[in-house]
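In case you want the letters, here they are:
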Amino acid sequence: MSRLSLLVVLSAAFVATTATPAVDLGGGCTITSFNQVDSVVKSCSNIVISGLTVPAGKTLELNLKDNAKLTFQGTTKFEHHVWKGPLVIISGNKITVTGASGSKLDGQGPAYWDGKGEKTTKPKFFKIKAKGGSVFKNLQLLNCPVQCVSIDSCSDLTLSNFNIDNSAGKKLGHNTDGFDISSSKNLIIDNAHVTNQDDCIAVNKGSNMIFRNIHCSGGHGLSISVGQSKTGSFEDNTIKNVTFIDSYVTDSDNGIHVKTHSDAGKGSLTDITYQNIEMSGIRKFGINIEQDYENGKPTGKPKNNIPITKFTAKGIRGHMTGSNSMAVKILCAQGGCSNWVWSGVSLSDAAKKSSCTASPVKAC
Ligand SMILES: *[C@@H]1O[C@H](CO)[C@@H](O)[C@H](O)[C@H]1NC(C)=O
C-alpha cells in the first residue's frame, strides 16, 4: 500500500468513528457540540466546555478522570424537555470545575415554571458526585426548572463562589431549592448567592459541613430536614456536625428552619450551629425548630425519635415582616431536645408572639 492510500484509509477510519473530533488546545480539549462530550471526557484531563447547547432530554454527563480540570465558558444551554433530568451530572475524584468569567449555565426555567413546582415533571438541574478534595468554583446557574444543585454521596468537596439566580421565577418558580445535600461528608460551601423559591440550603443527611458567607433571598431559608423516609436506617436519619456561619437571609419565608420527621425511625440530629446570621424581611419564622413533620407537613404533635442535641444559635439578628411573622418557634417533644446554646438572638418586628414547647433554652 502506498503511503498516500494508507493515510486515506486511516483518516477514513478516523472520520467514521469520531464524527466531530475534539479540538485540542495545547493539552486542553474543548467541547462545543454535544457529540464531542463522551470522547473528550474519556481522553482529556483539561476540558473546556464552550458555548454548548445540550439537546432536549439529554444529560450532560461528565464522569471526569482523577485530577481532571473542567472549565465552563460562555453560556451552556439546555433545550426544553419534560422529563426528570438531571440536566448535568459531574462526577470524579480530585476534580476542579470552574466557571470562566461571564459564563453561565442556563436551565431555561421560564419554559417549565407553572407554579406547581415538583408536582409536575421537571428536570433537576445540576448534580455533583465528587470526592477526594474536589473543588467547584465561580459557577453561575440561571433559571433552574426545579431543584438547582444536588450534592449526593460526596466527600471532601468544596464549592465556592456560586451564584444561583432564579429571580425570574418569583411568580411561577417553585421547589427551586438552591443546594440539596444528601449522604455527604466533609463539605464546605463558601460564598454563595442564592435567589430562589424554596430552601436556600437543605441538608437531608450527612456530616461535617460548613456553610459560610451564604446570601439567600426570596426562598425558605437555611434548612435542615432529617428522617424523610419511613424505612430509613438510624444512619439515614442522622445529621452530625453542620455549621452555618456569617450568612444573610432576606425576603424569605424563614431564616432558619430545622425539622425532624416524627414518622421516621430513630435517628440523631447533633452538633448543629447557626452563628452570625443576619436576616431581614422574614415572613413566617426567624428560627423554626420542629420535631413534628409527617409526609413533609407539620402535625403539631412532636416526637423524640430524632433527638436534637448540641444545637447552637448564636448571634442571630434581624427583622421580621408581615402579619404572619413570628421570631422564634420551637416545638420539641418532651425530652426530645437537649444540650442547647442560645445567645445573642434578636429578631424584631414580629407580628406574633414567639412560641416555645419543651425548649431546653429560654428562647421565648
Ligand atoms: C466538623 O466539620 C468540619 C467541616 O468538614 C470539620 O472541619 C471539623 O473538623 C468537623 N468537626 C468534628 C468534631 O468532626
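Summary of the structure given here. Since this is a predicted model, take the numbers as computed values, not measurements.

Rules used throughout
- Residues numbered from 1 in each chain as written.
- Predicted model: local features only at pLDDT ≥ 70, side-chain atom pairs only at ≥ 80, totals over all residues.
- Heavy atoms only, no water.
- Phe/Tyr/Trp six-rings, centres within 6.5 Å; stacked < 30°, edge-to-face > 60°.
- Helix = DSSP H or I, 4+ residues; strand = E, 2+ residues; numbered from the N terminus.
- Buried < 20%, exposed > 50% of the residue type's maximum accessible area, 1.4 Å probe, protein only.
- Core = buried A, V, L, I, M, F, W, Y, C linked by side-chain atoms within 4.5 Å.
- Contact = heavy atoms within 4.5 Å.
- Salt bridge = Lys/Arg side-chain N within 4 Å of Asp/Glu carboxyl O.

1. Side note on the packing of aromatic side chains
And step 1. Scanning the model with the defined rule gives eight aromatic pairs in all.
And step 2. Taking 6.5 Å as the distance between ring centres and 90° as the angle between the ring planes, the aromatic pair formed by Phe126 and Phe136 counts as edge-to-face. Placement of the pair is Phe126 in strand β11 (residues 126-131) and Phe136 in strand β12 (residues 134-142), with a sequence separation of ten residues.
And step 3. Since its relative accessible area comes to 1%, Phe126 is described here as buried.
And step 4. Note on Phe136: relative accessible area 0%, which makes it buried.
And step 5. Pairwise contacts between aromatic rings join Phe211, Phe244, Tyr274, Phe311, Trp340 and Trp342 into one cluster.

2. A word on the nonpolar core
And step 1. Membership of the largest hydrophobic core comes to 87 residues, with the highest contact counts inside it found for Phe136 and Phe179.
And step 2. Broken down by element, the residue count for this core peaks at eight residues, all from strand β21 (residues 268-294).
And step 3. Excluding residues that lie within four positions of it along the chain, Phe136 makes contacts with Ile90, Ile95, Val97, Phe126, Ile128, Ala130, Leu157, Thr158, Leu159, Ser160 and Phe162.

3. Digging into the pattern of salt bridges
And step 1. In the structure shown here, the tally under the stated rule is eleven salt bridges.
And step 2. For Asp114, the salt bridge is made with Lys122, and the minimal N-O distance between the two is 3.0 Å.
And step 3. On the accessibility criterion, Asp114 (32% relative accessible area) is partly exposed.
And step 4. Note that Asp251 is salt-bridged to Lys170, the shortest N-O span being 3.9 Å. Of this pair, Asp251 sits in strand β20 (residues 238-261) while Lys170 is found in the loop between β14 (155-165) and β15 (179-182), placing the two residues 81 residues apart along the sequence.
And step 5. For Asp251, a relative accessible area of 32% puts it in the partly exposed group.
And step 6. Salt bridges sharing partners connect three or more residues here, namely Lys170, Asp251, Asp253, Arg283 and Lys284.

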